[in-house]
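Architecture at a glance
The lines below spell out each chain.
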Amino acid sequence: MASSESTVFHELLEENAVSPNHQLYKTSRLVENSFFFYGWWMLGVSVLAVTVSAPGQTYGVSFFIEPLIAALPGATRDSIALFYGIGTVLGGLHIIFIGPAIERFGVRLVLSVAALIAGITNVYMSMVVSDWMLIVGFASLKFFTQGALTQSSRYLMASWWMRKRGIAANVASVLGSLFSIGMMPNITQWLIDDYTWRWAYAILGALQVLLLLPIAAIFVRNKPEEYGKKPDGDRDDEMSDSSELSAHFSPTTMMLKTATSMDGDTKEKVEQVQVLTLDEGTASERWTLREAIHTPAFWLGVVSLCVIEFLVTGVYFHLVAIFMEHGDTASTVAGLYIPIAASTATCSLLSGIFVDRVRLNFVLAFELLLLSATLAGARFLSYTWMLGTAFGILFGACCALHGILSGSLWIYYFGHAERGSETKLISLVSSVMMVASSSFSPFCFSMLHNYFSKDDSPDAAFDMVLYGGVLLPLPWILPVLYWGKPTRLFVSFSP
């Protein structure tokens, strides 16, 4: 009798056991009762995080350079640029730590903590009185404001969007550009003019704590799978594994994989494939960092992106001083960020159209040429407001293309990172080099400005620096055009 009861008991356990495909999901009234897909709410939070990160971005810091020089004893343009470079290097460690922290603790917690510390950092910046305090402040701004907030927003978008990620990313990029680049510099300069730079820092910090922190803590959800949902708001029957795979493999690649996996019964099919050239992007699972660094395309891409990062960061950091040398005010420069933002948003929106249709090494070469032409026109900044606006539009286009290429170039060259390749590691190496390039850029610009200021016309000193910047991108244009997307040659010999 006992044996029979035990048998029945085990049968009931097997019938009611939870299979590996059935999970216990979290519950959320916000996710369940949302009138539309909750990923759109996450898109809004991402835009907000990027917007309030402006005080830690180079274009946000630039409005505080002149007040810091005037307020801190012994401070010079060179010293503040050097401290900013040191802070950029230290803050650049977010590339290593934020990603693993998000994977371990979730983007909700990381974004909330980052918003809190970023706000405290801005309040701290309002109280700096010495060099070492400035270094600590810049490092914390770069780590938590520019680093953690923006990186968390990207993770949030990637978690909630997959099939429609391109559309969602374009919407977020356009809104982020308009609010962060177009609106926040004007708000920052208004606060500095009306309440002094110290109060401006304090108010911006309070904005991060009182606005972003509660929204992140209350409304953010890490990923849709935790609540039994799918990315993009899809249902199970709308997800197609076969279409997912075919998006990453060309027919040629599929034929090679099928041929090499067949046994002796179909050996003649293997023998027919003798020489086959595959795109590196379609064979992404075969890539390693060691292979990538042995291709000219990798080093040309890294050097070109570093050159662009160097020039863009230097111009952003000293943009207020550049225009002030032409007789303009900081408020005029703040207004210039409106055409910069509009141009950045427009180019980001159009990128969804051409990024999959154009060879990205051509886009990289075009950006190098465009940046040289933009810097060459710096001498006309003081002529009319229309020429200043034209400079802003062209410079905004350069910034937009740089953002696109920083994220897409390595995928175009070496394949999708999520396919098990080392594309993420390749991108990480590139990011580290770009951080190093941007960290020394403001100091180099400042030193060159001092050198050219010794001439008879010191008012044109920054113009001479920009003319030198015209020459940096030019040597890389033709090599980038010649060494495009790498390919690998596969050879199979017949017996």
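Everything that follows concerns the structure shown earlier in this document.
None of these values were measured; they are calculated from a predicted model.

Parameters at a glance
- Just so you know, the residues in each chain are numbered from 1, in the order the chain's sequence is written.
- Given that the model is predicted, a residue must reach a pLDDT of at least 70 before its local features are reported, and side-chain atom pairs must reach 80 or more before they are shown or counted; all residues, however, enter totals for whole chains, interfaces and linings.
- Values reported for side chains reflect all heavy atoms of the structure, with hydrogen atoms and water molecules removed beforehand.
- For helices the rule is a DSSP run of H or I covering at least 4 residues; for strands it is a run of E covering at least 2, with both sets numbered from the N terminus onward.
- Should any heavy atoms of two residues lie within 4.5 Å, those residues are counted as being in contact.
- Surface accessibility in these figures is a Shrake-Rupley result with a 1.4 Å probe; residues are shielded only by whichever protein chains are displayed.
- Working convention: axes come from line fits to C-alpha atoms, limited for helices to the stretch in contact. Angles between N-to-C directions cover 0 to 180 degrees.
- Here a crossing is called left-handed whenever its near helix is offset anticlockwise from the far helix by less than a right angle, and right-handed whenever the offset is clockwise.
- The salt bridge definition used is simple: a Lys or Arg side-chain nitrogen within 4 Å of an Asp or Glu carboxyl oxygen.
- Residue exposure (1.4 Å probe, protein chains only): buried if accessible area is under 20% of the type maximum, exposed if over 50%, otherwise partly exposed.
- Only buried residues count toward a nonpolar core. Its members are Ala, Val, Leu, Ile, Met, Phe, Trp, Tyr and Cys residues joined through side-chain atoms within 4.5 Å.

**Some words on the overall build of the protein chain**
- Broken down by element type, the protein chain carries 20 helices and 2 strands.
- In the protein chain, the proportion of contacts linking residues at least 24 apart, taken out of those at least 6 apart, comes to 85%.
- As displayed, the protein chain offers around 24,300 Å² of accessible surface, 66% of which is attributable to carbon and sulfur atoms.

**Regarding the packing of helix α4 (residues 58–71) against helix α14 (residues 296–324)**
- Where α4 contacts α14, the axes come no closer than 8 Å and their chain directions differ by 40°. The hand of the α4/α14 crossing is right-handed. Within the contact between the two elements, α4 uses Thr58, Tyr59, Val61, Ser62, Phe63, Ile65 and Glu66 and α14 uses Thr313, Tyr316, Phe317, Val320, Ala321 and Met324.

**Here's the deal with the pattern of salt bridges**
- Applying the stated criterion across every chain, the model contains 1 salt bridge.
- Here Arg77 ties to Glu66 by a salt bridge, and the two come within 2.5 Å at their closest N and O atoms. With a gap of 11 residues between them, Arg77 in helix α5 (residues 77–91) and Glu66 in helix α4 connect regions that are remote in the sequence.
- On the basis of relative accessibility, which here comes to 15%, the residue Arg77 falls in the buried class.

**Topic: the nonpolar core**
- Leu68, Leu134, Phe138, Leu319, Tyr337 and Trp410 are the most contacted members of the largest nonpolar core, which has 90 residues in total.
- Among the elements that take part in this core, α14 stands out by supplying 19 residues, more than any other.
- Not counting chain neighbours up to four residues away, the residues in contact with Leu319 comprise Val333, Leu336, Tyr337, Ile340 and Phe391.
- Listed in part, the 32 residues of the second largest apolar core include Leu149, Met157, Ala168 and Leu212.

What is shown is where atoms sit, not what they do.
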